[in-house]
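Here is what each chain is made of, one letter per residue.
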Amino acid sequence: MAVTGLSMQAPTASALTSVSTNYSYGDFESTTLAPPGWSLSAASPNRIYTSTTVALSGAKSLCLEDTSSGAATTALRSVRTVTPGVEYQGQGYAYTLNGTQTLALRFYDAAGAVVSRVAAPSTGATMLWSRISVKAVAPATATRVVVELSSTTATQSKVWWDAVEVLQPGVANSGFESTSSTLPVASWTTSAASGTSAKIRTGYPKLGSRSLYLSDASTTGLVKVTSTRTAVFAGVSYDLRAWVRPASGSFTATVRFLDTKLGVIRSVAVPVSKPANTWSLVTKQLVVPNNGHWATVELSTGTSSKATGDFDVVDLRPSAGSSTQSFSDGRDTQPVDAFANTNVVRTAIIGGKAKLLGVVSGSPAELQVVDIETNRVERRFPLGDMEAAWSLVVADTGVYTAGNDGHLWRWATGSSTITDLGRATATGTTIFDLEEGPDGRIWGASYPKSELWNFSPSTSRFASLGTVSTSHDYARSLAVNGSYAWVGLGSTNPKIVRVSLSNPASKTTLNVPQPVTSGQVAELDLLGRYLSVKTPSGTTSGGTIITGERRLYDTVSGSWSVAANYPVQRPSPMDGAGAFYFLQYKQLRAVDAATGSYEIRGDTATAAGRDRMVLKGTLGGDAGNWLLAYDPSGTISALETRSLQQKSFRAEFAPTKMQIKSVGFGGGKLLVGGFGGSSLAMVDADLSQRSQYPLVPYGPGVIGEVEGSVEHGRYQYIGTYTDGRIFRYDTLAPWVDGTNPALVTTLGPTYRQDRPLAWATAGSRTFFGTIPKYGVLGGVLGVFDGDTGTPKIVSEPVADQSIVSLTASGYMVYGGTSRWGGLGATPTQSSAKVFAYNAATGKVAWQVTPAAGMEAFGAVVMGPTGTLWAAGSTTLYELDPKTGATLRSIMVQTQGKQTTPVFRNTALANVNGMLYLVAAGRAYAVDPATLRVSVPVSSGITPAQLVVQGNQLFVPQGSTLKEVIIK
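Residues numbered from 1 in each chain as written. Predicted model: local features only at pLDDT ≥ 70, side-chain atom pairs only at ≥ 80, totals over all residues. Heavy atoms only, no water.

S.K.: I'm lost on the nonpolar core in this one. Help?
M.R.: Side chains of a nonpolar character, in soluble globular proteins, are inclined to be buried together. Ranked by size, the top nonpolar core spans 65 residues in total, and within it Leu-299, Phe-311 and Leu-876 carry the most contacts. In terms of residue count, strand β17 (residues 251-258) provides more of this core than any other element does, five residues in total. Of all hydrophobic cores here, the second largest spans 26 residues; its members include Leu-105, Phe-107, Ala-120 and Leu-149. (Core = buried A, V, L, I, M, F, W, Y, C linked by side-chain atoms within 4.5 Å. Buried < 20%, exposed > 50% of the residue type's maximum accessible area, 1.4 Å probe, protein only. Helix = DSSP H or I, 4+ residues; strand = E, 2+ residues; numbered from the N terminus.)

So, in structure tokens, the structure goes:
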């Protein structure tokens, strides 16, 4: 019976494999609804029938549909006569719509009475195939065995069954206790060249009273004995076990798998070289080919060497597999919920009072309004599906914000609700910047397609001016006056384009002072005649590394040489008098936006903060024109721009629950990173305690958004976004922002990398892999040898591909790639790959494509038997770690082709012989030996992250960390 892994077939799919079988009773390929030879019991409304809806072997299966509340369905098939005291094993593949059913072996005596019944339940995993197996020893009075498929009276269920069969496993005369007067070895075939022999003897048994003795005194011939055929289950693992007592030389044990026509389809030779004159156990786990039905075991000497020795208890049986059988829900927690991360804040006078407005990243993000003088959060508006925002405008018609949901939102100040104005453009998924035009229209810049658009508050309609540049996806920043819109573009060849508002087809390109090949023009502000620009960091076409800075561009003269420029600080907005400000060298500098002349207003100790705003109003009882400097720690420093009076206020946004971005483990704690800013929660494994870091976000040398981490001894390595920053955290010392974790390296400026998300360790080495910056193809492999110093960087071990998964063993590190690079970069490769890198030689050992057209191999792990497993969506590939050759594949569940960039879309863990896979929003538990598949979490996992520790499994579901108990 041929079995193609574990494969779901949609009703319209063709059969994955066309097979012929010696066990037609379990293939259900008959043309009748009732399969021949089966006894069916299904009281209405229950049904049992052959079906073409899904099938694993051939085109049909047997469906047991139990929709009643009190009657079970049962299908019985008498399979074979049995020998008392002998073990029999049965299998059936179950595809479940709902509920659970049972596969059982019934033993009958000569009178037709049931003398034993041994059953195994299906896993309950829905919409996929799972192999169910059962084994039992025939009782003393048993004469035949019957296979049973059944539902229960207690619950409803619908399950399709296929590839059902019952075998007597094992090698005949495995202990060589049976003898023959005509054969040297009963149930074995002997081939002996001159000077060689095979016989059963009684002098040196391991068990029982006899052993097989092979003697080879020839250097040109050999002796071999081959077992009779034993039936095997296709596609599953078998254990070869043999005891050997060599007197001299070495041997080979060869297992051959045969198809239904007795053709050899796979041979596996196992060298046998053990200490002399003592019994040693030889073991090897083997996988039966998907079309394998028989197997033989051959024991032999070599043709060119001499050998003598004994074998005993030589057997080949189905692997027992993992002891893990079931799962139950544990506790749920929202560990990343004490952060109030903002990308943008603004200030306004509302109801006569000074307010701070900000969009707090979370799941969902919230627009919050804080009274500056009382530090009270007065309004909290959840923003639908938005998780982070980069734009916020205070206009006469309301407060507008937008972010990564592609929608424009408006709060009419004073209202108790916020309005979703809808999607700005049909294709835009992220709005990076908003500006109010002189006529009150709200202008926006969107990704992808670098779209420029506006919203009219008077008509409540959007209008699109189309794509700013066909060669740029990112419209990252925006500035507007009555005549033009300036749009900052990226991610390749970043530049500024000026668009005429009266004739959008009229465009003028403004190159930044030091052009780079990739990056973003992330900030644009129009301050009178001056355009404030944050120029991108990156590498020039000639290979020179450029560090970004802030520049002023004179839109009248067309010059970047503006004397008032201060390259390390974003200027404040203009105040009502037409001036903008810098806090420079502990002085307040005011710049005339019309002429560029500037004056020093005086000395001040006011810190610059992260954001600077201007506010005309009353603070602490004093009216004035205030320059406000906001620090994300929750401090506002206020400086009156004429009198230089200073005040300080606490203005703290309320924390939100954040979308989980990464989940790791180290130091006995779960490390949970959030999406939307610098955030890391360290959670005790029993979920009783947690700590959240950094203590002060956005400070110098502080971690960013955590992409991935790994434990290496006392140190935890942490990779953060942006700029590919790598930190080393000493877990035996207190956390100190900016010091511990220590920033070890920043990959962005030199290597153009952004996201260090793949991690692994082995021995003294720690490895990481990265996704590059926007518009760039090709990740790097980083190697730390020891826990000091900086890493060795291996650029693009696989050309033009990101490294999204790693696992390591000894000096070898294995990686899975994504054919995608930074967003905005078009892939050049047709398929992702799996590769091996030798850290000792510093060379790539091999790279392979286990499946053509794969977007990413999002997870790799060393398996229970030392092979390498790679996850390509919901298909698992077992590879030879020495060569990368594919040994087998297991399609756990089908999944449609993805059309958007794919990076780490899967997660894998190998624990206690079980492979845990996260893919397509579900968690699967796959026993690679038995092909039993369970689904500990049936839906809702995002992103694809997984931690398994002891009997606990953790996965993220949005902002929730879900615990599952493994039993």
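S.K.: Sorry if this is basic, but what is going on with the sheet that holds strand β29 (residues 407-411) here?
M.R.: Strand pairing in a sheet relies on backbone hydrogen bonds. The paired strands run either parallel or antiparallel. Across the sheet, which stays open at both edges, the four strands sit in the order β27-β28-β29-β30 with antiparallel pairing between neighbours. The sheet terminates laterally at β27 (389-395) and β30 (419-423), the two strands that pair on one side only. Strand-to-strand twist of the sheet, defined as the mean angle between neighbouring strand axes without regard to direction, takes the value 20°. By the bridge criterion, four bridges tie strand β28 (residues 398-403) to β29 in an arrangement that is antiparallel. Bridging across to β29, Thr-401 finds its partner in Trp-409. (Pairing = 2+ DSSP bridges. Axes fitted to C-alpha atoms, helices over the stretch in contact; angles between N-to-C directions.)

S.K.: How should unusual backbone geometry be read in this particular structure?
M.R.: Note on backbone geometry: most residues besides glycine have negative phi, and most peptide bonds are trans. Residue Pro-448 is reached from Tyr-447 by a cis peptide bond, and omega for that bond is -5°. Checked against the element boundaries, Pro-448 lands in the loop between β32 (442-447) and β33 (451-456). Residues Tyr-693 and Pro-694 are joined by a peptide bond in cis, for which omega reads 0°. Backbone geometry at Met-127 places phi at a positive 60°, although glycine is not the residue there. Structurally, Met-127 can be placed in the loop between β7 (114-121) and β8 (129-137). The backbone of Leu-687 shows a phi angle near 65°, a positive value even though the residue is not glycine. Mapping Leu-687 onto the fold places it in the loop between β54 (680-684) and β55 (690-693). By relative accessible area, which is 19% here, Leu-687 ends up buried.

S.K.: Is there a simple way to think about the environment of Leu-392 in this case?
M.R.: By the secondary structure assignment, Leu-392 is in strand β27. For Leu-392, a relative accessible area of 1% gives the class buried. The sequence separation of Leu-392 and Val-377 amounts to 15 residues, and the corresponding C-alpha distance is 18 Å. Beyond its immediate stretch of four places on either side in the chain, Leu-392 contacts Val-344, Val-345, Arg-346, Leu-357, Gly-358, Val-359, Leu-367, Val-399, Tyr-400 and Thr-401. (Contact = heavy atoms within 4.5 Å.)

S.K.: How should the side chain of Arg-551 be read in this particular structure?
M.R.: You can see Arg-551 is positioned in strand β44 (residues 550-554). From its side chain, Arg-551 meets the backbone oxygen of Trp-560 in a polar contact 3.3 Å long. Other than its neighbours up to four places away in sequence, Arg-551 contacts Pro-513, Leu-531, Ser-532, Val-533, Thr-535, Trp-560 and Asn-565. (Polar contact = N/O pair within 3.5 Å; in protein donor to acceptor, adjacent residues only side chain to side chain.)

S.K.: Looking at this model, I keep getting lost on the sheet that holds β55. Mind explaining?
M.R.: Read from one edge to the other, the open sheet built from four strands follows the order β52-β53-β54-β55, with strand pairing classed as antiparallel. Across the chains shown, the open sheet's two edge strands, defined by having one partner strand only, are β52 (660-666) and β55. On average, adjacent strands in this sheet sit at an angle of 20° to one another, irrespective of strand direction. Across five bridges, strand β53 (residues 669-674) lies against β54 in antiparallel orientation. From the neighbouring strand, Leu-671 faces β54, where its bridge partner is Met-682.

S.K.: Got a minute to help me understand the pattern of salt bridges in this structure?
M.R.: Pairs may arise between side chains of opposite charge once their charged atoms sit close together. Taken as a whole and judged by the stated rule, the model has 36 salt bridges. Between Arg-570 and Glu-523 there is a salt bridge, and its shortest N-O distance comes to 3.6 Å. Of this pair, Arg-570 sits in the loop between β44 and β45 (579-584) while Glu-523 sits in strand β40 (residues 523-527), placing them 47 residues apart in sequence. (Salt bridge = Lys/Arg side-chain N within 4 Å of Asp/Glu carboxyl O.)

S.K.: I keep staring at the environment of Pro-573 and nothing clicks. Help me out?
M.R.: Residue placement: Pro-573 occurs in the loop between β44 and β45. Here Pro-573 falls in the partly exposed class, since its relative accessible area comes to 36%. Residues in contact with Pro-573, not counting those within four places in the same chain, are Leu-527, Ala-579, Phe-580, Arg-612, Met-613 and Val-614.

S.K.: What should I look at first to understand the packing of aromatic side chains in this one?
M.R.: The geometry of two aromatic rings is summed up by the distance between their centres and the angle between their planes. Per the stated rule, a full pass over the model turns up 28 aromatic pairs. Between the aromatic rings of Phe-28 and Trp-38, the centroid separation amounts to 5.4 Å while the plane-to-plane angle is 45°, which identifies the pairing as tilted. With Phe-28 in the segment before β1 (38-42) and Trp-38 in strand β1, this residue pair connects regions lying ten residues apart in the sequence. Residue Phe-28 is classed as buried on the basis of its relative accessible area, which comes to 1%. The class for Trp-38 is buried, based on a relative accessible area of 9%. (Phe/Tyr/Trp six-rings, centres within 6.5 Å; stacked < 30°, edge-to-face > 60°.)

S.K.: Could you clarify how one ought to interpret the side chain of Ser-532 in this entry?
M.R.: Of note, Ser-532 is situated in strand β41 (residues 530-534). Look past the residues within four positions of Ser-532 in its chain and what remains in contact with it is Glu-523, Leu-524, Asp-525, Leu-527, Arg-551, Leu-552 and Pro-571.

S.K.: What's the story with the pairing of β55 in this structure? I'm lost.
M.R.: A regular strand carries its side chains on alternate faces of the sheet. Strand direction decides the pairing type here: β54 and β55, joined by four bridges, are antiparallel. Its bridge partner being in β55, Ala-681 is matched across the sheet by Gln-692. The antiparallel hairpin formed by β54 and β55 contains five residues in its connecting segment, where Leu-687 sits at a positive phi of about 65°.

S.K.: So what exactly am I meant to see when it comes to the environment of Glu-387 here?
M.R.: Tracing the chain through its elements places Glu-387 in the loop between β26 (376-382) and β27. The buried category is assigned to Glu-387, whose relative accessible area is 18%. Residues Glu-387 and Ser-41, 346 residues apart in the sequence, show an inter-C-alpha distance of 54 Å.

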